[in-house]
Amino acid sequence: MPAGLRDAPVTWYTPCGRAVPPASEEGQPRAAPPGLSALCGGAAGRDGMRWRRGAARLGPPPPPPSTFPAPPLPPRSASARPGPVPLPAPFREPPRAAMALCGRGWARCARGLRLGALSRPGLGGTRGVRGSNPFTRQQEEEWRRRNRSAVGYIAAAAVGMVGLSYAAVPLYRLYCQATGLGGTTGAGRSAERIERMEPVRDRLIRVTFNADTHASMQWSFKPQQSEIYVVPGETALAFYKAKNPTDKPVIGISTYNVVPFEAGQYFNKIQCFCFEEQRLNPQEEVDMPVFFYIDPEFAEDPKMAKVDLITLSYTFFEAKEGQKLPLPGYQ
Amino acid sequence: MSTAMNFSSKSFAPRPPDKGAFPLDHFGECSAFKERFMECLRRSGYESAACRQSAKAYLECRMDRQLMANEPLEKLGFKDLINEKSEEKPEKS
């Protein structure tokens, strides 16, 4: 040890263990000390840089072991620097061990390992602990374990969400059945509504009736009135007539259509003969009534302002015995 | 009909009737009431508002003969006709 070292303000040691005179000496160039390249080999400049930076952050590194007795540790001044963390106990040993593990630039490497910056298990995945630092392995394993459990929770949540989206369909159906909200949109077609509605006298609408049969259906099906004048908000009755001219009973089932399409949402049937199988015996003729009303909100819809003709069209199809026709919207 | 190939615009979605389907009047029990109604329609130029009494009578016939679920007539939109009847009675008596 150079004489007077203990009295010197600070003594800096290169990563390669070579003592450098304190910076208080004037006129000293800031270049790497001579002989650094010999000791550190390779890019002395780089090492020198690292040395300078590392030393500035870490404070005075521990002294090289073999030649000198270990100097006392510098006292921790609570005031001065913001936060260079003192090296943990193992590093108070000769840095040769650290050098063996980290190679060149051990100071930064060791610091990085300590703070976990270089080998966070979460970032590294399961490829094995980077750095293989035995001192931080326990913590890294704990991080790994925690990350794995977090991934497990997230995966379970994702699977739960997918299952919930599948379960939503029957659950919603149950909810609709329980609360009775199934199927009703916009204007609620309940009996109270019919009771309370008031006819809108200034809109007279002409409703024409049309009757069709499917090609293979032998019934004779026609309306008993070609048209009827109604006002929105008032219930009206209309009749169709169907005759079975064959010698066999025929079961028919019908569906309807309303033109114009936008007016169809206001056309509400209280009772009619559609969507249910109607059986006609041979040579039988029946009257089929349609009891309907047009919603009073029809008069308030701006799109319906020019509509004064609505056509109601029924079509009868033949229903074979045991055949279940998938009819729209009717259970 | 609704089978037209209109892909862009919405297609018509038929709705089931509120109270279901009328049972068929196989024996023509209410045909007389129906005839009265049709006559009224032809007389009034097919105006529905003029023939609501006859319509009410037809529906009452159906209800009496179990061809229609019994329902108070107010719920079928004949509230004003019933009020008229009850008003007429005290006037007469």
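Residues numbered from 1 in each chain as written. Chains lettered and ligands numbered in written order. Predicted model: local features only at pLDDT ≥ 70, side-chain atom pairs only at ≥ 80, totals over all residues. Heavy atoms only, no water.

An unreviewed UniProt entry lists chain B under the name Cytochrome c oxidase assembly protein COX19, with Taeniopygia guttata as the source organism. Its UniProt record, at the heading Sequence similarities (unreviewed entry), says of chain B: "Belongs to the COX19 family." For chain B, the Subcellular location (unreviewed entry) comment in UniProt is given as "Cytoplasm". (UniProt positions renumbered as here; feature names shortened; annotations may be inferred.)

Identification of chain A as Cytochrome c oxidase assembly protein COX11, mitochondrial from Taeniopygia guttata is taken from an unreviewed UniProt entry. What UniProt states about chain A under its Subunit (unreviewed entry) heading is, verbatim, "Interacts with CNNM4/ACDP4. Interacts with RANBP2." In its Function (unreviewed entry) section, UniProt records this for chain A: "Exerts its effect at some terminal stage of cytochrome c oxidase synthesis, probably by being involved in the insertion of the copper B into subunit I."

Let us now look at the overall build of chain B. Assigned secondary structure in chain B consists of three helices and zero strands. Taken from the N to the C terminus, the helices and strands of chain B come in the order α-α-α. In chain B, which comprises 93 residues, the share counted as buried stands at 35%. Partitioning the contacts of chain B with sequence separation of at least 6, the portion at a separation of at least 24 is 50%. Counting every atom, chain B has about 5,500 Å² of accessible surface; 51% of that belongs to carbon and sulfur. (Helix = DSSP H or I, 4+ residues; strand = E, 2+ residues; numbered from the N terminus. Buried < 20%, exposed > 50% of the residue type's maximum accessible area, 1.4 Å probe, protein only. Contact = heavy atoms within 4.5 Å. Areas by Shrake-Rupley, 256 points an atom, 1.4 Å probe, with all protein chains shown as cover.)

Turning our eyes to something else, we now look at the sheet that holds strand β4 (residues 220–223) of chain A. Note on sheets: strands pair through backbone hydrogen bonds, and any given pair is parallel or antiparallel. All names here are of chain A. Reading across the sheet, the four strands line up as β4-β6-β10-β8 and stay open at both edges, with antiparallel pairing between neighbours. Each edge of the sheet is formed by a strand with only one pairing partner; in this case those strands are β4 and β8 (267–271). Direction aside, neighbouring strands of the sheet carry axes that sit 30° apart on average. Relative to strand β10 (residues 285–294), β8 is paired through four bridges, and the arrangement is antiparallel. Note that in β10 the partner of Lys-269 across the bridge is Phe-292. (Pairing = 2+ DSSP bridges. Axes fitted to C-alpha atoms, helices over the stretch in contact; angles between N-to-C directions.)

A separate point is the interface of chain B and chain A. At the interface, 39 residues of chain B touch 52 residues of chain A. With both chains or domains summed, chain B and chain A bury close to 4,200 Å², and 58% of this area falls on carbon and sulfur atoms. Where chain B touches chain A, the interface holds three salt bridges. Among the salt bridges present, the one from Asp-287 of chain A reaches Lys-34 of chain B, with a minimum N-O distance of 3.0 Å. Mapped by element, the contributors of at least two residues to the side of chain B that touches chain A are α1 (31–43) and α2 (52–64) of chain B. Within the side of chain B that touches chain A, the residues separate by chemical class into 19 nonpolar, eight polar and twelve charged. (Buried area = accessible area lost by both parts, 1.4 Å probe. Salt bridge = Lys/Arg side-chain N within 4 Å of Asp/Glu carboxyl O. Nonpolar A, V, L, I, M, F, W, Y, C, P; charged D, E, K, R; others polar.)

Counted by the stated rule, this structure contains twelve salt bridges over all chains. Here Lys-34 of chain B makes a salt bridge to Glu-35 of chain B, at a shortest N to O gap of 3.2 Å. Glu-35 of chain B sits in the partly exposed class, given a relative accessible area of 35%. The structure contains a network of salt bridges with shared partners spanning Lys-241, Glu-285 and Asp-287 of chain A together with Lys-34 and Glu-35 of chain B.

Our focus in this paragraph is the pairing of strand β11 (residues 309–318) of chain A. All names here are of chain A. Relative to β11, strand β3 (residues 205–213) runs parallel, the two sharing eight bridges. For Phe-209, the partnering residue across the bridge sits in β11 and is Leu-312. Pairing of strand β7 (residues 250–259) with β11, which is carried by eight bridges, proceeds in the antiparallel orientation. Among the inter-strand pairings, Val-258 is bridged to a residue of β11, identified as Leu-312.

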